[in-house]
Amino acid sequence: MEPVTSINTKPQMRIGVYVCHCGSNIAQTVNCPKVSETASRLEDVFISKDIAYACSEPGQQEIRQDIQEHGLERIVVASCSPRLHEPTFRQMMQSAGLNPYLLEMANLREQCSWVHLNEPDAATQKAEDLVKMAVSRARLLQPLKEEKLPLTKRTLVIGGGIAGIQTSLDLADNGYDVVLVEKNASIGGTMAQLDKTFPTMDCSI
Amino acid sequence: MTDVGRHPRIKLYTLSEIVDVKGYVGNFDIKILKKARYVSEEECTACGDCAVACPVVRPDEFNLGLSSRKAIFTPFPQAVPSAYVLNVNECLGHNPVVCAKCLEACEKGCINFHMSDDEIKERVGSIIVATGLEPYDPTELDEYGYTRFENVLTSLEFERLVNAGGPTKGKLIRPTDRRLPKSVGFIQCVGSRSARKGSKYCSNTCCMNTIKSTLVLKEHYPDIDIKVFYIDIRAFGKGFEDLFMRSRRLGVHYLRGLPGNVEELPDHSMRVAVENTVTGRLEFFDLEMLVLAIGMKPAKSTRRLQEMLGLQLSPDGFFLEAHPKLQPVDAASRGIFYAGCAESPKDIKESVTQASAAAVRAIRLMHKGEIYTEPITSEIDPEKCNACGKCVEICPYNAITKGIRKKTPCVVNTAACAGCGTCAAECPYDAIVMNHFTDDQINNQIDSMFEESSQEKILVFACNWCSYAGADYAGVSRLQYPSNVRIIRTMCSGRVDEKFIFNGFLNGAPVVLVSGCHMGDCHYIDANRWTEKRVKKIRKKMEKLEIRPERLQLEWISAAEGSRFAEIMGRMEKLRQSVSIQEISETIEILKNQGKMTQN
């Protein structure tokens with residue numbers, strides 16, 4: 001089936017909505033073209049599309065192009081959890097010249113298709129709702145600017161076992177100062193108590 | 001280890017622990033308590049004269065009590081720093097009448113009884129948590145008789161016994177009669193993979209550690225009879241299967257089934273009763289020594305550090321990573337990383353791999369020498385601010401300051417603000433705007449979710465770090481729950497304003513759930529205390545208004561509690577079904593009237 005693209009010609013604000021199939025992760029439960037079509041009728045939605053993989057390079061490229069071509073002002077990506085790909089899409093927005101905080105995501109995978117696997121109709125309805133909620137929020141998003149602060153180039157390592165030792169040496173050898181804190185009188189941890197260690201059968205210290 | 005002691009860029013504090021952490025990614029202020037060693041680290045050459053003179057004899061912790069040490073001692077010969085350490089609780093004291101023998105013995109004068117604990121302050125840009133593990137204590141598994149029979153050892157005690165640097169110089173002996181045992185049995189999964197005692201998880205290293213031990217034994221004592229009792233042998237790593245095959249070729253007998261009972265025979269050997277699950281028969285074996293392959297538990301300091309750093313734990317008690325596949329060494333809090341067994345049980349290779357990964361993740365963050373802060377911070381509208389100072393009291397980060405003069409508006413220090421939004425939810429004058437999670441933005445979401453079939457929907461507020469992540473985890477685990485749930489994400493449950501909840505009910509919400517991190521797990525120190533207080537307050541208000549207070553629920557759901565999230569959604573749906581359309585419309589009427597009253 002051809003992806004559905006709807007263009008609304010008279011919105012006050014130009015919002016772009018992208019409904020991701022995530023291969024079949026979302027699309028096997030949620031009717032993505034229908035969600036996209038419903039979204040296109042929402043106020044201020046200028047363009048609404050369903051898209052195979054929003055996070056893939058072609059997917060991002062498509063959104064980037066739309067932003068530039070149509071002067072989109074807000075983006076709603078309805079895909080996976082923002083905890084996973086919010087940074088990805090924020091970067092994409094930035095490269096398209098849009099403030100990254102003008103992005104809103106609707107979580108159609110972790111919080112819809114995957115948890116309502118056997119209820120395609122209900123899941124599609126929920127997806128429509130989630131997109132509607134995201135669009136209504138997106139409408140009010142404001143551009144935000146990140147503040148640059150000085151950073152201390154030192155690392156605190158808590159624990160002087162094999163992991164603490166290795167990470168401290170890696171950091172220090174790369175030119176970073178390390179503060180290594182060990183609760184016992186010597187570093188070495190549990191590793192130092194072992195005799196031979198697998199798979200090389202050599203001694204631990 | 002010696003490289004660490006020598007490295008000009010590594011400052012090593014031993015006998016030390018972290019007592020306080022303030023600040024945020026890029027600039028953490030750390031307070032370290034360094035306990036007195038009573039021996040100068042710089043001066044001591046580890047000659048050992050002091051220990052020879054010391055009259056106090058104590059069990060040696062490093063050898064797990066299998067040998068002894070003095071009250072002034074070196075933990076082990078290769079210790080870093082090499083300086084001796086004096087246990088002041090065991091020492092007889094520096095009064096020459098009582099003792100002070102070490103003081104006399106030390107020609108260089110390195111010992112100083114007047115040394116005191118030091119509090120040290122350090123500023124760092126990133127933190128790597130490498131707190132390791134706690135070996136499982138098999139005392140509770142009484143059927144193996146660890147505390148009753150002397151010839152039953154833990155695998156760690158066994159390590160010390162066969163170690164050339166150990167109490168017997170590497171000669172294997174039975175504790176009871178100090179002779180080489182003719183037969184040794186290993187019991188696997190002691191404290192691991194058990195729903196009954198110990199832990200449910202696999203400790204990851206015990207199978208290979210036992211295989212290694214059998215190879216060491218067979219190398220030194222080819223005629224020794226070795227039996228290994230196991231559930232499965234997990235030899236999954238590179239080169240591991242080879243070692244397992246070698247062990248079997250050398251005649252080590254692997255027997256599937258864990259012993260149900262261990263008895264001591266008159267000669268201090270053990271009679272092991274085991275159901276061989278291959279043959280289905282109960283079998284008995286007499287073994288001269290028994291080794292319990294103990295699992296790993298989270299380090300004792302885990303809980304304290306977790307609270308101090310605002311981290312999360314997995315259900316098994318180890319530190320929870322930001323993402324199990326894609327960010328396996330990152331904590332959810334920016335600038336904090338995990339290495340080694342702090343995150344989960346690991347062998348040395350995996351610990352080293354993760355440690356290097358953590359170092360690179362820290363470098364990736366720090367190499368520019370500057371850091372971009374998230375602009376998701378609060379702002380105070382000076383026009384609306386009444387300078388009441390409520391927000392100053394609330395802010396877990398002390399990021400808000402009151403004006404010096406009376407009635408000058410409060411100000412947010414955006415560099416210190418972490419963005420929980422609790423101040424915005426509590427401000428009695430609506431003077432605080434929480435950027436990116438404004439009142440209007442959230443109310444818009446609520447309005448649009450209830451546009452259709454409002455009586456069927458469940459409104460859930462979930463905090464980004466725990467509950468929303470818990471909902472994600474339910475998704476990743478494909479746990480099914482009612483499809484009428486609609487989640488609104490806030491950074492912290494502390495952001496959930498009373499207005500949002502009443503707006504939900506005004507829009508026809510049958511039920512509302514506020515969810516956040518468990519107490520003590522809050523990503524914003526303790527902002528969720530305010531959530532709890534607020535929900536109580538709102539419920540009282542609901543009661544006064546004659547709205548059933550149960551319709552507002554509060555739950556703590558962690559990032560690892562996907563199943564709990566799904567279960568709670570089921571409960572919310574049951575609760576929703578108890579709310580009739582009539583009850584909903586009555587609530588709407590009540591709130592509308594209430595609104596009119598406050599407007600007048």
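Position numbers for residues start from 1 in each chain and track the written sequence from start to end. Chains carry letters from A onward and ligands carry numbers from 1 onward, assigned in written order. Residues qualify for local features only when their pLDDT is at least 70, as the model is predicted, and side-chain atom pairs are given and counted only at 80 or more; totals for whole chains, interfaces and linings, by contrast, use all residues. Hydrogens and waters are ignored; side-chain quantities use all the structure's heavy atoms.

It is worth spelling out the overall build of chain A at this point. The number of helices and strands found in chain A is 6 helices and 10 strands. Throughout, the radius of gyration refers to the C-alpha atoms, and the reference size of a globule is 2.2 Å times the residue count to the power 0.38. Over its C-alpha trace chain A gives a radius of gyration of 24 Å, far above what one expects of a compact globule, namely 17 Å for 205 residues. Principal-axis analysis of the C-alpha atoms places the extent of chain A at approximately 70 × 45 × 25 Å. The buried label goes to any residue with under 20% of its type's maximum accessible area, the exposed label to any with over 50%, and the partly exposed label to all in between, with areas taken from a 1.4 Å probe on protein chains only. Residues counted as buried form 63% of the 205 residues belonging to chain A. Think of it this way: any DSSP run of H or I at least four residues long counts as a helix, any run of E at least two long counts as a strand, and we number them from the N terminus.

This next bit is on the sheet that holds strand β2 (residues 16-24) of chain B. Residues and elements named next belong to chain B. Note on pairing: DSSP must find at least two bridges between two strands before they are called paired. Within the open sheet, the 3 strands sit side by side as β2-β3-β8. Their pairing is antiparallel. Every interior strand has two partners, whereas the edge strands, β2 and β8 (118-124), have only one. The average undirected angle you get between the axes of adjacent strands in this sheet is 20 degrees. One ladder, built from 7 bridges, connects strand β3 (residues 27-34) with β8; its direction is antiparallel. Of the residues in β8, the one forming a bridge with F28 is V124. Axes here refer to lines fitted to C-alpha atoms; in helices the fit is confined to the stretch in contact. Angles between the N-to-C directions go from 0 to 180 degrees.

A word on empty space enclosed by the protein. Definitions used throughout: a 1 Å grid over protein atoms alone; a cavity as a set of points that fits a 1.4 Å probe which cannot get out; a pocket as an open set with protein on both sides within 12 Å along at least five of seven lines; a lining residue as one with an atom within 4 Å of a point. Grid points are joined across faces, edges and corners, and a volume is the space filled by probe spheres set on the points. Scanning all chains against the criterion turns up 6 cavities of 30 Å³ or more. Approximately 250 Å³ is the volume found for the largest cavity. Lining the largest cavity are 19 residues, and of these E104(A), M105(A), Q445(B), Y468(B) and I487(B) sit closest to its centre. Mapped onto the lining of the largest cavity, the elements with two or more residues apiece are α3 (82-95), β5 (103-107) and α5 (120-138) of chain A together with β27 (485-490) of chain B. Gly is placed with the polar residues, together with every amino acid not listed as nonpolar (Ala, Val, Leu, Ile, Met, Phe, Trp, Tyr, Cys and Pro) or charged (Asp, Glu, Lys and Arg). Residues belonging to the lining of the largest cavity are distributed by class as follows: 11 nonpolar, 3 polar and 5 charged.

Turning our eyes to something else, we now look at the interface of chain B and chain A. With 119 residues of chain B in contact, the opposing surface of chain A contributes 85 residues. Buried surface at the junction of chain B and chain A, both sides included, amounts to about 8900 Å², of which 61% is carbon and sulfur. Buried area adds together the accessible area that both of two parts lose upon being put together, with accessible area traced by a 1.4 Å probe. When the area that chain B buries against chain A is broken down by residue, the three leading residues are M1(B), R9(B) and H436(B), summing to 8%. The rule for a salt bridge is simple: a side-chain nitrogen of Lys or Arg has to be within 4 Å of a carboxyl oxygen of Asp or Glu. The interface formed by chain B and chain A contains 9 salt bridges. Side-chain atoms alone can form a polar contact between residues adjacent in sequence; in general such a contact is a pair of N or O atoms within 3.5 Å, and within protein one must be able to donate a hydrogen while the other accepts it. Linking chain B with chain A are 62 residue pairs in polar contact (both at pLDDT 80 or more), by the criterion used here. Here, two residues are considered to be in contact whenever any of their heavy atoms come within 4.5 Å of each other.

Moving on: the pairing of strand β4 (residues 74-79) of chain A. Residue and element names in this part refer to chain A. With 6 of 6 residues buried, β4 is to be regarded as a mostly interior element. As defined by bridge partners, strand β2 (residues 15-20) adjoins β4 across 5 bridges and the pair is classed as parallel. Residue I15 lies in a different strand from β4, and its bridge partner there is R74. Across 5 bridges, the pairing between β4 and β5 is parallel.

Residue and element names in this part refer to chain B. Here helix α6 (residues 240-249) has its buried residues at F240, L243, F244 and S247. With its buried residues spanning 100 degrees around the axis, α6 presents them on a single face. Exposed residues on α6 whose side chains face more than 90 degrees from its buried face are D242 and R249. Check the buried side of α6 and you find it contacts α5 (206-220) and β14 (253-256). G251 sits one or two residues past α6 and shows a positive phi near 100 degrees. By definition, the arc is the one covered by directions from the helix axis to the C-beta atoms.

Glancing now at the packing of aromatic side chains. Residues and elements named next belong to chain B. Only the six-membered ring of Trp is used, alongside the rings of Phe and Tyr, when aromatic pairs are assigned; centres must lie within 6.5 Å, and planes under 30 degrees apart are stacked while those over 60 apart are edge-to-face, with the rest tilted. Tallied over the entire structure, the rule returns 12 aromatic pairs over all chains. Aromatic pair F158 and F186: ring centres 5.5 Å apart, planes at 80 degrees, arrangement edge-to-face. Here the residue F158 occupies a position in helix α4 (residues 155-162), and F186 occupies one in strand β12 (residues 183-190), the gap between them amounting to 28 residues. For the pair F158 and F186, one class covers both residues: buried.

Turning our attention to the environment of I525(B). Residues and elements named next belong to chain B. Checked against the element boundaries, I525 lands in the loop between β28 (511-516) and α14 (528-544). Remark: the alpha-carbon pair of I525 and M308, spanning 217 residues in sequence, is separated by 8.0 Å. Sequence-distant contacts of I525, defined by excluding residues within four places in its chain, comprise P396 and Y397.

Mapped onto the elements, D347(B) comes out in the loop between β20 (336-338) and α8 (348-366). Among buried charged residues, D347(B) stands out as having no salt bridge; its nearest opposite-charge side chain is K349(B), 7.2 Å away. A polar side-chain atom of D347(B) sits 2.9 Å from the main-chain amide nitrogen of E350(B). Not counting chain neighbours up to four residues away, the residues in contact with D347(B) comprise F198(A), T205(B) and F240(B). Charged-residue counts in this description rest on Lys and Arg as positive and Asp and Glu as negative, His and the chain ends being excluded.

Right, let's get into the confidence of the model for chain B. Across chain B, pLDDT averages 94, with 100% of residues at or above 70. Here the prediction assigns the complex a pTM of 0.80, and the interface score ipTM is 0.84. pLDDT expresses, on a scale from 0 to 100, how confident the predictor is about each individual residue.

Let us now look at the pairing of β2(B). All names here are of chain B. Bridging between β2 and β3 involves 8 bridges; their strand directions are antiparallel. By the bridge assignment, I18 is partnered in β3 with I32. From the end of β2 to the start of β3, which pair antiparallel, there are 2 residues, and G26 there has a positive phi angle of about 95 degrees.

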